[in-house]
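# Geometric and topological summary
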Amino acid sequence: MATIAELEAHYYAHADSEHGIRMMVQNREFPAVFGACTASFEHIIPAIRFRKKRGITPEMPTLLAFTTICKYAPPLFEHAAIDSLEEFVRSSRILAQHEDDYLSTIDVARRRESIAHDVWNHLEKCPGALQRNLRMELGVVQEDAAEIVGLWAALGVIDRCPKDRSYALWFRTRLDVEIQGRCPRCGARGTGRKELFLKATTCKRCGTDGYYHIEYGCKH
């Protein structure tokens, strides 16, 4: 049985991990953030126990690791992160039977991953497809599809160009093209092959490790 001091250490470690995850999401550090999420799991149950012993309400802390995985892992095809989350939740009676129904939320995340696959395959076959037609052409919920392509656009995976009161969707598939990126921390710009900006890099100005925001103009 863990001592109160050990539980307290986990409590503060969990708070630190939540802050780190929040900053990584803000800086769009994908897919690295998923490792930070799964690493935080070990602190969650002890943090809950500490809150209960100290009478901290609510007893369940915020679980940013859960919401981050369920929101971002499906459209980024980080299937392993979803699997790890489900395994962790099922391993704990406190979590598996909690009123927030985390297992149902994970099921929804898996369905969103399936939608993301359908949309991805569709755009590969039909470059320039209109966003408004995804529901009709794929039989998916329009809001889910729009959220997914919106994230892809924000991360530089696709171009979303206004057309016919909707958006035409195009993959940015050429990895050898020269592009410009911007450091999410200090705003410093750098130029290089696109494939370099899809990996974590160190900013030469501020030393931040992360993923540059790709700066594209709409070409189609």
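The coordinates are above.
Our subject in this report is the structure included herewith. (Residues numbered from 1 in each chain as written. Predicted model: local features only at pLDDT ≥ 70, side-chain atom pairs only at ≥ 80, totals over all residues. Heavy atoms only, no water.)

### Here's the deal with helix α7 (residues 102-125)
Spanning 24 residues, α7 covers 35 Å between terminal C-alpha atoms, matching the ideal 34 Å at 1.5 Å per step. Those residues of α7 lying buried are Tyr102, Leu103, Ile106, Ala109, Arg112, Glu113, Ile115, Ala116, Val119, His122 and Leu123. (Helix = DSSP H or I, 4+ residues; strand = E, 2+ residues; numbered from the N terminus. Expected span 1.5 Å × (residues − 1). Buried < 20%, exposed > 50% of the residue type's maximum accessible area, 1.4 Å probe, protein only.)

### Quick look at the pairing of strand β2 (residues 158-163)
Pairing of β2 with strand β3 (residues 166-171), which is carried by six bridges, proceeds in the antiparallel orientation. Bridged to isoleucine 158 within β3 is phenylalanine 171. (Pairing = 2+ DSSP bridges.)

### Thoughts on the nonpolar core
Within the largest apolar cluster, 31 residues are counted, with the highest numbers of intra-cluster contacts made by Phe66, Ile69 and Leu95. Breaking this core down by element, the ones donating at least two residues are α1 (4-26), α2 (32-39), α3 (41-54), α4 (64-72), α5 (79-91) and α7. In terms of nonpolar packing, the next biggest core, distinct from the first, is built from 14 residues, Ile115, Leu134, Ile158 and Leu169 among them. (Core = buried A, V, L, I, M, F, W, Y, C linked by side-chain atoms within 4.5 Å.)

### Some points on the pattern of salt bridges
Counted by the stated rule, this structure contains four salt bridges. Note that arginine 110 is salt-bridged to aspartate 83, the shortest N-O span being 2.8 Å. Remark: aspartate 83 occurs in helix α5 and arginine 110 occurs in helix α7; sequence separation between them is 27 residues. Residue arginine 110 is classed as partly exposed on the basis of its relative accessible area, which comes to 23%. With relative accessibility at 32%, the residue aspartate 83 sits in the partly exposed group. Several salt bridges converge on common partners, so that one network encompasses Asp83, Glu86, Arg90 and Arg110. (Salt bridge = Lys/Arg side-chain N within 4 Å of Asp/Glu carboxyl O.)

### Side note on the packing of aromatic side chains
Applying the stated criterion across every chain, the model contains 12 aromatic pairs. Their ring planes at 40 degrees and their centres at 4.9 Å tell us that tyrosine 11 and phenylalanine 50 sit as a pair that is tilted. Here the residue tyrosine 11 occupies a position in helix α1, and phenylalanine 50 occupies one in helix α3, the gap between them amounting to 39 residues. Among the residues examined, phenylalanine 50 registers a relative accessible area of 4% and is labelled buried. Seen from their ring centres, phenylalanine 66 and tyrosine 102 are 5.3 Å apart, and the 90 degrees between their planes marks the pair as edge-to-face. Taken together, the positions of phenylalanine 66 in helix α4 and tyrosine 102 in helix α7 put the pair 36 residues apart, joining distant regions of the chain. An aromatic cluster of at least three residues, connected via ring pairs, comprises Phe41, Phe66, Phe88 and Tyr102. Cation over ring: arginine 160 sits above tyrosine 167, and NZ or CZ is 4.7 Å from the ring centre. (Phe/Tyr/Trp six-rings, centres within 6.5 Å; stacked < 30°, edge-to-face > 60°. Lys NZ or Arg CZ within 6 Å of the ring centre and 35° of its normal.)

### A word on the sheet that holds β3
In spatial order, the strands read β1-β3-β2; together these three strands make up an open sheet with antiparallel pairing. Lying at the two open borders of the sheet, with one neighbouring strand each, are β1 (129-130) and β2. For β1 and β3, the ladder comprises two bridges, and the chain directions are antiparallel. Looking across to β3, one finds that leucine 130 is bridged to alanine 168. Each of β1 and β3 is contacted by α7, which is oriented at about 80 degrees to β3, the strand it contacts most. Contacts between helix α9 (residues 142-154) and the sheet are confined to β2 and β3, with β2 contributing the most and set at about 115 degrees to the helix. (Contact = heavy atoms within 4.5 Å. Axes fitted to C-alpha atoms, helices over the stretch in contact; angles between N-to-C directions.)

### Focus on the packing of α1 against α3
Each packed pair of helices is defined by two parameters, the angle between the axes and the distance between the axes. At a minimum axis distance of 7 Å, the contact between α1 and α3 shows a crossing angle of 120 degrees. At the point where α1 passes α3, the crossing takes the left-handed sense. Every residue of α3 that contacts α1 at Ile4, Leu7, Glu8, His10, Tyr11, Ala13 and His14 is listed here: Glu42, His43, Ile44, Pro46, Ala47, Arg49, Phe50, Arg51, Lys53 and Arg54. Looking at side-chain class alone, the contact of α1 with α3 contains eight nonpolar, three polar and six charged residues. (Left-handed = near helix turned anticlockwise from the far one by under 90°. Nonpolar A, V, L, I, M, F, W, Y, C, P; charged D, E, K, R; others polar.)

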